[in-house]
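Each chain, written out:
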Amino acid sequence: MRFTHAIVRPPPTTFATGISRSGLGPPDLGLALEQHDAYCRILERLGLSLVRLASDPELPDSTFVEDAAIVTSAGAILTRPGAGSRAGEVATLGAALRLSFPELEEITAPGTVDGGDVCQAGEHFFIGVSERTNSEGAAQLARWLARLRFSSSVVDIRAMPRLLHLKTGLSWLGRRRLLAAGEVVDHEVLRGWESVRVPDGEGYAANCVRVNDALLLAEGFPGTGAMLAGLGYEVVPVAMSEFRKMDGGLSCLSVRW
Ligand code: GLY
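About the criteria used
Residues numbered from 1 in each chain as written. Predicted model: local features only at pLDDT ≥ 70, side-chain atom pairs only at ≥ 80, totals over all residues. Heavy atoms only, no water. 1 Å grid on protein atoms, 1.4 Å probe; cavity = no way out; pocket = protein on both sides within 12 Å on 5 of 7 lines; lining within 4 Å. Points joined across faces, edges and corners; volume = space filled by probe spheres on them. Nonpolar A, V, L, I, M, F, W, Y, C, P; charged D, E, K, R; others polar. Helix = DSSP H or I, 4+ residues; strand = E, 2+ residues; numbered from the N terminus. Contact = heavy atoms within 4.5 Å. Pairing = 2+ DSSP bridges. Right-handed = clockwise from strand over helix to strand, strands pointing away.

A. Examining empty space enclosed by the protein more closely. Under the definition given, this model contains one cavity of 30 Å³ or more. Taken as a whole, the largest cavity encloses approximately 80 Å³ of empty space. Lining of the largest cavity is provided by I19, D61, F64, D67, R86, R132, L164, H165, M246, D247, G248 and C252. The residue inventory of the lining of the largest cavity, partitioned by class, reads five nonpolar, two polar and five charged.

Given below as structure tokens:
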């Protein structure tokens, strides 16, 4: 699937007050804005047309737009984020998405889903059950995906404390190949897939994003970069230090379709 569009939203002035358990200290807002701008320019260079939402200081985590919606080639659904402080992010994303997806659906209570727990791998979706995505939310999402003729499987990551979301440790590289952090790589749900393991000490790099012919990879992970380049990918390094401090990864910064 080739992407043509993405929604992005810059970090607000309150970014440092968002949820974080990284222990990496507060982000530098100026640098975060520069990194966000560079990320947007990379998407544009790869041919995507961007919908830029205005930042909102009432919603410190709202730059991580991916958590509020799942978008596929066949339709889109708004999530119900698992962190109460993030509930307000859905409305703005919904207004933007309805222009392209008038039949937009929604995860409903008591279900919760964060988009970061949803890893699309072609016609199949891996759905993480986590601190943020509950079993009811995962079941609602699986039923909606089945109606769109996508298959799905659930990966329970609640016993993997280093993973906030499933995609913290799992990314699709194209075809039947996945990039996986150590915690997930041997999970039975990945049987039948080729799992490429992220080198020790480079777990953050497991959240990468395939955008058309390129593979966006967090800057500063030379082992992963060399491994993926060796497999033939056009690796594009992206500076992510300030988003990492707030538990965010590359995929979180855009909703793509
Ligand atoms: N700071 C991103 C999140 O915790 O949802």
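B. Quick look at the environment of C40. Residue placement: C40 occurs in helix 1 (residues 29-45). Residues C40 and A6 lie 34 residues apart in sequence; the distance between their C-alpha atoms is 9.2 Å. Setting aside chain neighbours within four positions, we find C40 in contact with V8, L50 and R52.

C. Focus on the pairing of strand 8 (residues 151-156). In this structure, strand 7 (residues 124-129) lies alongside strand 8, joined through six bridges in parallel fashion. Bridge pairing links H124 to S151 in strand 8. In this view, the connection linking strand 7 to its parallel neighbour strand 8 by way of helix 3 (residues 135-147) has right-handed handedness.

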